[in-house]
Amino acid sequence: MAAAGSLERSFVELSGAERERPRHFREFTARGVGTANAVFGAVKYSESAGGFYYVESGKLFSVTRNRFIHWKTSGDTLELVEESLDINLLNNAVRLKFQNCSLLPSGVHVSETQNHVIILILTNQTVHRLILPHPSRMYRSELVTESQMQSIFTDIGKVDFRDPCNYQLIPTVPGLSPNSTTSAAWLSSDGEALFALPSAAGGIFVLKLPPYDIPGVASVVELKQSSVMQRLLTGWMPTAIRGDQGPSDRALSLAVHCVEHDAFLFALCQDHKLRMWSYKDQMCLMVADMLEYVPVNKDLRLTAGTGHKLRLAYSPSMGLYLGIYMHAPKRGQFCIFQLVSTENNRYSLDHISSLFTSQETLVDFALTSTDIWALWHDAENQTIVKYINFEHNVAGQWNPVFMQPLPEEEIVIRDDQDPREMYLRSLFTPGRFINAALSKALQIFCRGTERNLDLSWSELKKEITLAVENELQGSVTEYEFSQDEFRTLQQEFWCKFYACCLQYQEALSHPLALHLNPLTNMVCLLKKGYLSFLVPSSLVDHLYLLPDEHLLTEDETTISDDADVARDVICLIKCLRMIGESVTMDMAVLMETSCYNLQSPEKAAEHILEDLITIDVENVMEDICSKLQEIRNPVHAIGLLIREMDYETEVILGAGQLFQAQQDLLHRTAPLLLSYYLIKWASQCLATDVPVDTLESNLQHLSVLKLTDSCALMANKLVTRWPSNPGCLFLECLMGNCQYVQLQDYIQLLNPWCQVNVGSCRFMLGRCYLVTGEVQKALECFCQAASEVGKEEFLDRLIRSEDGEIVSTPKLQYYTKAILRTCIFKHHLDLGHNSQAYEALTQIPDSSSQLDCLRQLVVVLCERSQLQDLVAFPYVNLHNEVVGIIESRARAVDLMTHNYYELLYAFHIYRHNYRKAGTVMFEYGMRLGREVRTLRGLEKQGNCYLAAINCLRLIRPEYAWIVQPSSGAVSDRPGASPKRNHDGECTAAPSNRQIEILELEDLEKECSLARIRLTLARHDPSAIAIAGALTSYIPFPQEVHQRRRWCIKLQFGGEAAQAEAWAWLAANQLSSVITTKESSATDEAWRLLSTYLERYRVQNNLYHHCVINKLLSHGVPLPNWLINSYKKVDAAELLRLYLNYDLLEEAVDLVSEYVDAVLGKGHQYFGIEFPLSATAPMVWLPYSSIDQLLQALGENSANSHNIVLSQKILDKLEDYQQKVDKATRDLLYRRDL
């Protein structure tokens, strides 16, 4: 443990601002929640911020791991953001506007229950309760493996901000303190939401909302200062008459601590006293004068307190801590107390520590059970953060946090540098400016010009360049001017834009609050425009950045157990500081240029040293030399620093090895410098925007290499990005995200000096060459990588077998491994090298990988319409596989938009296999006749049969026959695709089916019948459906089948059909047939069909289903009597039939009527005996079919009619859900009685 008064390890700020597109906030407005007249004259509150962490955020396998919420308030606007350090959260940012209201500073309080995250919000007029799903209830599995998931704010748009259960106007209560800037809120153990506001008389008003799922009304109670003893002494005289409370008693800061079935409220008041109330007992339990702990308090006692702040921290082992900040002009004091309980419900404070500060403006502070973190903002607009352990640091010495400085105000540009390039480099260097600052500056710079601010980093760079150049050109009035004049003008405009960016960056960097998570030790600084993280600095950074006065008091044991070595290190750090202050920008550029150009860092260092000696006019080098003389053992001191900075090896020195150790340190320092330069280069290298389809294709390629899991790299682990790390995870991450240009540059910078992962780097460089089409270079790299197989973890993973074991002949396995040839095949295919791709395919030894590649070859060449190559390849030992792939594709896709049958026909004709070609065309014709009942379909069917006949005529007569295609090759009903398994392949036909042989004569009959259908369809287009059904067989009772057939015929027939129908009706002895003009043959046929459907009743009304299915397949409108009859027995099945035939409008009407029926409107027409009610049996809706209907309506978003229909369903469902919710509440209420 550090000695009393010594410093602990310092922290450093890291920006958490996103470098890509600015965060997209979804905006919602709570309208009508406040009164408009209250806005005028209302106090303007300052901006505030806060944070919340989940209880299980520190558990490894929790869905809330490293997940937190932070917010910012400004005027009537609340911005809420849910963050995760592990995954991407979708829809995680919302902006809520409360109309006619102003949010109170620190008026947002977040709590979590087992099922919900509840946000309590206070404005100057209203209180709100937002109930959101808990992340653990949004996902089934506790183990989070996804790279992205939905935020709890995804469905916040469904929240009703004016729901009386979760919203309440703050009542006009006498004594309620106007324009209060403090508040508190909490959830009771019973689920009540409680909001605390200070009263002008020194008490606290508490507004209570009942639990969200239990009916009730809001109520208000006042917690007064009078304790039980005060009541005994003063009696029950009203407060206003007693006059023992003045305005100075008003609370400045409120905090609440929840205990079992009670809540303790703490108030730090203007009279410098801390008061504690019990909400359950509604009485003041304790009053403590804080000025007793302030050394000089005479002036403070006479004035009302301002700027006092109160924080609580609870530890299960140590109890409740109270942190109090007492503000005084030009000074401040932190007092730490522990709450102590005694008998008879009495409480007192145990003073732990008092800590003094000189900073004037305290923005915020946070308290843990061991530390205080404080945030100041000084008069020079500088952000200051410090922390201290209040128990062990007796001397009261605060530990520093090194903040990221604002970008430099001026950029020095040499004569040989381009102003535009230098300004752009400064603007877009990572960590200097955030996207929002640049976007705002661009908007102001382009006055009156509307620009899209949702820009990526690269797009924003282009827009800024264009805007500044346009302004520059617009200001030029002369046609000719010198290059120096143009350079001066260019620098003037870029300087103007840079100043605008600097102004916005400074404004957005204004600090608002601290957020600490003691479960994960995360410390966040919440700023106006972004957040940053405060992380522990390394020992070297800590020593190098410490001010001199702190460095002198640094605890030597934190550096080394050997006091002499620790003193040497401190002396060495001072020397390094002096060198760092002497190194100019040109010298630093020289070293970076040498590293980038793969030149020797030692030579660059020698050149810099010569320059330092040359320009040394203040004898700094002599001072450095004298300081170095004070170091007793420089080798050990340098070795310790190198060991602290090196993430690969340790430097171990023994006695008698001084000279050798010096050489070792020198040789180790150069690779260390190059390692850090490479990490810096990679962190500042911009990523390339990659289309989604390219990423998916790349992942398919990498899936063969078993490398897709490496794309999710832990960004907070420097060791994984260390150049000589044997894991290669960083390189795999670049490869997985298609950053091949950056990967190639990285390897080129790494290879000359790093001897780790040489083979792995060559293999990945080969991948880069494959992407760019340099196949010979790729092959050379793959061969070079083979020498390292068996020595490197990455290459061993490539050749590992299915069970995870390394094979006995690794190099042979490497060369014969299918993955290499598969990669070559896929890249040839992507580049359009079809012949080379086929050649690579034939050399793949693994049969499953070869089949996958063959399937991809067929699909890609078909999509490119390169059918000649596809047919002409020899497919040695792959003939049956190709036929199977094309057949499965032909049977799985739409007949009229794809030509896989014709491709398969050409494939067989090219190989003179006429019988197979004829079989293919006959199957094609059969499916056209069943599934495509249009004029074009009938024409194609005839051509298919003619092609099949021609194929058989090319064969000798005794072999001119084909096998009847199986039922699995055609659909079971019109309009439906064949049955398939999970892989999309057609399911096999039953093995016991009877094989039917078709000869040439059979094909000619089918062809004649096809011509007859086509002739009929051309004569009367309305009879196409009948023409297609001439040979259909329907397995129904004969009477039902005949009636249905006549109904269809009469629907499309003319007068002749009517006359024939009357004769048929008379022959069927329909007693109620009336041959009048009012009753047509069509009407009587429908009525006869209705009679037989009533007569032949079966289970599940199967005949109704079959009749409706057949009528819809012919495009016949359903009569109302049939619809009403079927929806009374099975409305859900009727809805599915509508969906099968794309009758979307009819389906929408049916759903609307069905919902009304469930709610009680016309329920008897749907066979619903008891509609929705708290006392009736449960009801249901066919949600799956309704979801399919909504999806079908949403597929064509350009159709406005579909949008109207979709909205009609959504409105109806919303009304249904509200009534279900009400019925459920009533049911639960009745059960509780």
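For the structure given in this document, a descriptive report is provided here. (Residues numbered from 1 in each chain as written. Predicted model: local features only at pLDDT ≥ 70, side-chain atom pairs only at ≥ 80, totals over all residues. Heavy atoms only, no water.)

## Remarks on the overall build of the protein
In terms of helices and strands, the protein carries 42 helices and 33 strands. Put simply, 60% of the contacts in the protein that link residues at least 6 apart link residues at least 24 apart. For the protein, the accessible surface area stands at approximately 63,400 Å², while carbon and sulfur atoms represent 52% of it. (Helix = DSSP H or I, 4+ residues; strand = E, 2+ residues; numbered from the N terminus. Contact = heavy atoms within 4.5 Å. Areas by Shrake-Rupley, 256 points an atom, 1.4 Å probe, with all protein chains shown as cover.)

## As for the environment of glutamine 490
On the secondary structure map, glutamine 490 appears in helix α8 (residues 483-508). Considered as a pair, glutamine 490 and valine 468 are 22 residues apart in the sequence and their alpha carbons are 8.7 Å apart. Leave out the neighbours within four places in its chain, and glutamine 490 touches Asp418, Pro419, Arg420, Glu469 and Leu472.

## Observations concerning the side chain of threonine 64
Within the fold, threonine 64 resides in the loop between β3 (48-53) and β4 (67-74). For threonine 64, a relative accessible area of 2% corresponds to the buried category. Of the polar contacts made by the side chain of threonine 64, one reaches the side chain of serine 62; its length is 2.9 Å. Beyond its immediate stretch of four places on either side in the chain, threonine 64 contacts Tyr54, Glu56, Ser57, His134 and Pro135. (Buried < 20%, exposed > 50% of the residue type's maximum accessible area, 1.4 Å probe, protein only. Polar contact = N/O pair within 3.5 Å; in protein donor to acceptor, adjacent residues only side chain to side chain.)

## Let's talk about the nonpolar core
Core analysis: the biggest nonpolar cluster contains 51 residues, and Phe825, Leu854, Leu857, Tyr875, Phe922 and Leu1003 have the highest contact counts within it. Here the element with the most residues in this core is helix α27 (residues 847-863); it accounts for seven residues. If near-sequence neighbours (up to four positions away) are discounted, leucine 857 is found in contact with Phe825, Leu829, Tyr838, Leu841 and Phe873. Met621, Phe763, Ala786 and Leu798 belong to the second-largest nonpolar core, a separate cluster that totals 46 residues. (Core = buried A, V, L, I, M, F, W, Y, C linked by side-chain atoms within 4.5 Å.)

## Considering the packing of aromatic side chains
One pass over the structure, following the stated rule, counts 31 aromatic pairs. Members of the aromatic cluster, connected to one another through ring pairs, are Tyr423, Phe433, Phe445, Trp494, Phe497 and Tyr498. A cation over a ring is seen here: arginine 311 above phenylalanine 365, with NZ or CZ 5.2 Å from the ring centre. The residue whose ring lies beneath arginine 915 is tryptophan 961, and the NZ or CZ to ring-centre distance is 4.1 Å. (Phe/Tyr/Trp six-rings, centres within 6.5 Å; stacked < 30°, edge-to-face > 60°. Lys NZ or Arg CZ within 6 Å of the ring centre and 35° of its normal.)

## As for unusual backbone geometry
Glycine aside, a negative phi is what most residues show, and trans is what most peptide bonds show. Unusually for a residue other than glycine, leucine 598 sits at a positive phi of about 60 degrees. Tracing the sequence through the fold places leucine 598 in the loop between α12 (585-596) and α13 (601-614). You will see that cysteine 738, though not glycine, has its phi angle at about 60 degrees, which is positive. In this structure, cysteine 738 sits in the loop between α19 (729-736) and α20 (740-750). Of the residues examined, cysteine 738 reaches a relative accessible area of 13% and is grouped as buried.

## Considering the sheet that holds strand β1 (residues 11-15)
Spatial strand order, β25-β26-β27-β28-β1-β31-β30-β29: eight strands in an open sheet with mixed pairing. The outermost strands of the open sheet, each flanked by one partner alone, are β25 (362-367) and β29 (511-517). Pairs of neighbouring strands in the sheet enclose a mean axial angle of 25 degrees, with direction left out of account. Note: β1 against strand β28 (residues 399-402), two bridges, orientation parallel. Directly across from valine 12, in β28, lies its bridge partner phenylalanine 402. (Pairing = 2+ DSSP bridges. Axes fitted to C-alpha atoms, helices over the stretch in contact; angles between N-to-C directions.)

## Digging into the packing of helix α11 (residues 563-582) against helix α15 (residues 634-645)
At a closest axis distance of 9 Å, the pairing of α11 and α15 adopts a crossing angle of 75 degrees. With respect to α15, the element α11 is oriented roughly perpendicular. Residues Val565, Asp568, Val569, Leu572, Ile573 and Leu576 of α11 touch α15, and the partners they reach there are Ala637, Ile638, Leu640 and Leu641. Here the residues of the contact of α11 with α15 sort into nine nonpolar, no polar and one charged. (Parallel < 35°, antiparallel > 145°, perpendicular 65-115°, else oblique. Nonpolar A, V, L, I, M, F, W, Y, C, P; charged D, E, K, R; others polar.)

## Here's the deal with the pattern of salt bridges
Applying the stated criterion to the full structure yields 34 salt bridges. Measuring nitrogen to oxygen at the nearest pair gives 2.6 Å for the salt bridge that ties lysine 680 to glutamate 592. Of this pair, lysine 680 sits in helix α16 (residues 658-684) while glutamate 592 is found in helix α12, placing the two residues 88 residues apart along the sequence. Overall, lysine 680 belongs to the partly exposed group, its relative accessible area being 35%. Residue classification places glutamate 592 among the partly exposed positions, given a relative accessible area of 34%. (Salt bridge = Lys/Arg side-chain N within 4 Å of Asp/Glu carboxyl O.)

## A look at the sheet that holds strand β24 (residues 346-357)
Strand order in the open sheet formed by four strands is β21-β22-β23-β24, and the pairing between neighbours is antiparallel. At either margin of the open sheet sits one strand with a lone partner, and together these are β21 (309-315) and β24. Across the sheet, the mean angle from the axis of one strand to that of its neighbour is 25 degrees, orientation sign disregarded. Where strand β23 (residues 331-342) meets β24, eleven bridges bridge the pair, whose relative direction is antiparallel. Across the sheet, residue glutamine 333 finds its bridge partner in β24, namely phenylalanine 356.

## So, the pairing of strand β26 (residues 371-377)
Walk down a regular strand and you will see the side chains alternate between the two sheet faces. Among the seven residues in β26, seven count as buried, and that is most of the element. On β26, burial covers both faces: Asp371, Trp373, Leu375 and His377 on one face and Ile372, Ala374 and Trp376 on the other are all buried. Where β25 lies against β26, five bridges are found, and the strand directions are antiparallel. Paired with leucine 367 across the bridge in β26 is isoleucine 372. The hairpin formed by β25 and β26 contains three residues between the paired strands. Pairing between β26 and strand β27 (residues 383-389): seven bridges, direction antiparallel. Residue alanine 374 lies in a different strand from β27, and its bridge partner there is lysine 386.

## Section: a nonpolar patch on the surface
On the surface, Tyr544, Leu545, Leu576, Ile579 and Val583 cluster together into a nonpolar patch covering about 360 Å² of accessible area. Contributions of two or more residues to the nonpolar patch are made by α9 (539-545) and α11. Considering the arrangement of structural elements, one finds valine 583 in the loop between α11 and α12. (Patch = residues over 30% accessible without salt bridge, like charges linked within 9 Å, V, L, I, M, F, W, Y side chains within 5 Å.)

## Considerations on the environment of aspartate 378
If you trace the backbone, aspartate 378 turns up in the loop between β26 and β27. Each C-alpha atom of the pair aspartate 378 and leucine 362 lies 8.7 Å from the other, and the pair is 16 residues apart in sequence. At a separation of 3.1 Å, a polar atom in the side chain of aspartate 378 contacts the main-chain amide nitrogen of glutamate 380. Polar contacts involving the side chain of aspartate 378 include one to the main-chain amide nitrogen of glutamine 382, which spans 2.7 Å.

## Re the environment of threonine 669
Note that threonine 669 resides in helix α16. In the structure, threonine 669 is positioned 30 residues away from glycine 639 in sequence and 9.7 Å away in space, judged by C-alpha atoms.

## Side note on α11
Structurally, the α-helix is built with 3.6 residues per turn, so residues lying three or four positions apart point the same way. Between the first and last C-alpha of α11 there are 29 Å, a value that for 20 residues agrees with the 28 Å anticipated at 1.5 Å per step. Of the positions making up α11, those classed as buried are Val565, Ala566, Asp568, Val569, Ile570, Cys571, Leu572, Ile573, Cys575, Arg577, Met578 and Ser582. Measuring from the side-chain oxygen of the N-cap residue of α11 to the backbone nitrogen of aspartate 564 gives 3.0 Å; that N-cap residue is aspartate 562. (Expected span 1.5 Å × (residues − 1).)

## Quick look at the packing of helix α21 (residues 758-772) against helix α22 (residues 775-785)
Running from N to C, α21 and α22 cross one another at 165 degrees; their axes reach a closest spacing of 8 Å. Between α21 and α22, the angle falls in the class roughly antiparallel. In the packing of α21 onto α22, the handedness of the crossing is left-handed. Of the residues in α22, those touching α21 at Gly759, Arg762, Phe763, Leu765, Gly766, Arg767, Tyr769 and Leu770 are Lys777, Ala778, Cys781, Phe782, Gln784 and Ala785. Considering only residue class, the contact of α21 with α22 consists of eight nonpolar, three polar and three charged. (Left-handed = near helix turned anticlockwise from the far one by under 90°.)

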